[in-house]
Amino acid sequence: MSLNGSFQQNKYDSHSGREVVNSRMFNAPAENVFKAFSDPGLLKKWWGPKGFSNTIHEFDMRLGGIWRYVMHGPNGVDYENKSEFIEINYNERIVLRHLEPDHKFLLEITFKKIKNKTEIIWRMIFDTEKEYEEAKPFVKEANEQNLDHLEWLLNEVT
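Residues numbered from 1 in each chain as written. Predicted model: local features only at pLDDT ≥ 70, side-chain atom pairs only at ≥ 80, totals over all residues. Heavy atoms only, no water.

Undergrad: I'd like to hear about the environment of Asp 78, residue by residue, with values.
TA: In this structure, Asp 78 sits in strand β4 (residues 78–89). Looking at Asp 78, the relative accessible area reads 47%, which means it is partly exposed. C-alpha separation for the pair Asp 78 and Thr 55, spaced 23 residues apart in sequence, amounts to 9.9 Å. Asp 78 has contacts with Val 70, Met 71 and His 72, leaving out every residue within four places of it along the chain. Looking at Asp 78, its side chain comes within polar contact range of the side chain of His 72, at 2.7 Å. (Helix = DSSP H or I, 4+ residues; strand = E, 2+ residues; numbered from the N terminus. Buried < 20%, exposed > 50% of the residue type's maximum accessible area, 1.4 Å probe, protein only. Contact = heavy atoms within 4.5 Å. Polar contact = N/O pair within 3.5 Å; in protein donor to acceptor, adjacent residues only side chain to side chain.)

Undergrad: So what's going on with the pattern of salt bridges? Which residues, and what values?
TA: Evaluated as defined, the whole model comprises 13 salt bridges. Among the salt bridges present, the one from Glu 108 reaches Arg 123, with a minimum N-O distance of 2.9 Å. In this pair, Glu 108 sits in strand β6 (residues 105–114) while Arg 123 sits in strand β7 (residues 117–126), placing the two residues 15 residues apart along the sequence. By the burial criterion, Glu 108 is buried, and Arg 123 matches it. Linked by salt bridges that have partners in common, Glu 19, Glu 87, Arg 93, Glu 108 and Arg 123 make up one network. (Salt bridge = Lys/Arg side-chain N within 4 Å of Asp/Glu carboxyl O.)

Undergrad: Mind laying out the packing of aromatic side chains, listing which residues take part and the relevant values?
TA: Under the criterion given, the structure shown has 15 aromatic pairs. Ring geometry for Trp 67 versus Tyr 69: centroids 4.2 Å apart, planes at 25°, classification stacked. Among the aromatic side chains, those forming a connected cluster through ring pairs are Phe 34, Phe 37, Trp 46, Trp 47, Phe 59, Trp 67, Tyr 69, Phe 85, Tyr 90, Phe 111 and Trp 122. (Phe/Tyr/Trp six-rings, centres within 6.5 Å; stacked < 30°, edge-to-face > 60°.)

Undergrad: Describe the packing of helix α1 (residues 30–38) against helix α3 (residues 129–157), and please don't skip the residues or the numbers.
TA: In a packed pair of helices, the relevant descriptors are the angle between the two axes and the axis-to-axis distance. Here α1 crosses α3 at 115°, and the two axes come no closer than 11 Å. Seen along the crossing, α1 lies across α3 with a hand that is right-handed. Counted together, Asn 32, Val 33, Ala 36 and Phe 37 of α1 and Leu 150, Leu 153 and Leu 154 of α3 form the full contact between these two elements. Its residues assigned to classes, the contact of α1 with α3 shows six nonpolar, one polar and no charged. (Axes fitted to C-alpha atoms, helices over the stretch in contact; angles between N-to-C directions. Left-handed = near helix turned anticlockwise from the far one by under 90°. Nonpolar A, V, L, I, M, F, W, Y, C, P; charged D, E, K, R; others polar.)

Undergrad: Lay out unusual backbone geometry in plain terms, naming residues and giving numbers.
TA: Of note, the phi angle at Asn 91 is positive, near 65°, even though the residue is not glycine. Relative to the elements of secondary structure, Asn 91 occurs in the loop between β4 and β5 (93–100). In this structure Asn 91 comes out as buried when scored by relative accessible area, which is 19%. With phi around 55°, Lys 115 is a residue other than glycine that occupies positive phi space. Structurally, the position occupied by Lys 115 is in the loop between β6 and β7. Lys 115 sits in the exposed class, given a relative accessible area of 88%.

Now the structure itself:
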């Protein structure tokens, strides 16, 4: 099953100074890695940086569908989040538009099959250089911690 959206790459081509990219190779097939992103029961177990947990209120993984959740920080602060699914290509790519509240950005997650392994390319394009500059001190490391949690989950599940 494949849902192909109308994500228009050209709208975001001029992203110099607003992009963060992380990548990681996982010792798991793309189907398993994609499932960790598409199954809210699995997603809530690993999503977020070290010390965070999640409550997922809505997860409608379809074009135009909304993902609404709260990340509970280790400092006791709750962070409301809302994103819209822009593109879904099963086992290949997910594109989300993070709508609120703090930073607005496009999140593109690509799943590259390499034999029985999967490389994830995690690309964030912030709407403005100001938003990028605000997130820059923490976002790259936070994404790495997120990928650490995903690796842990994949080792438990596969």
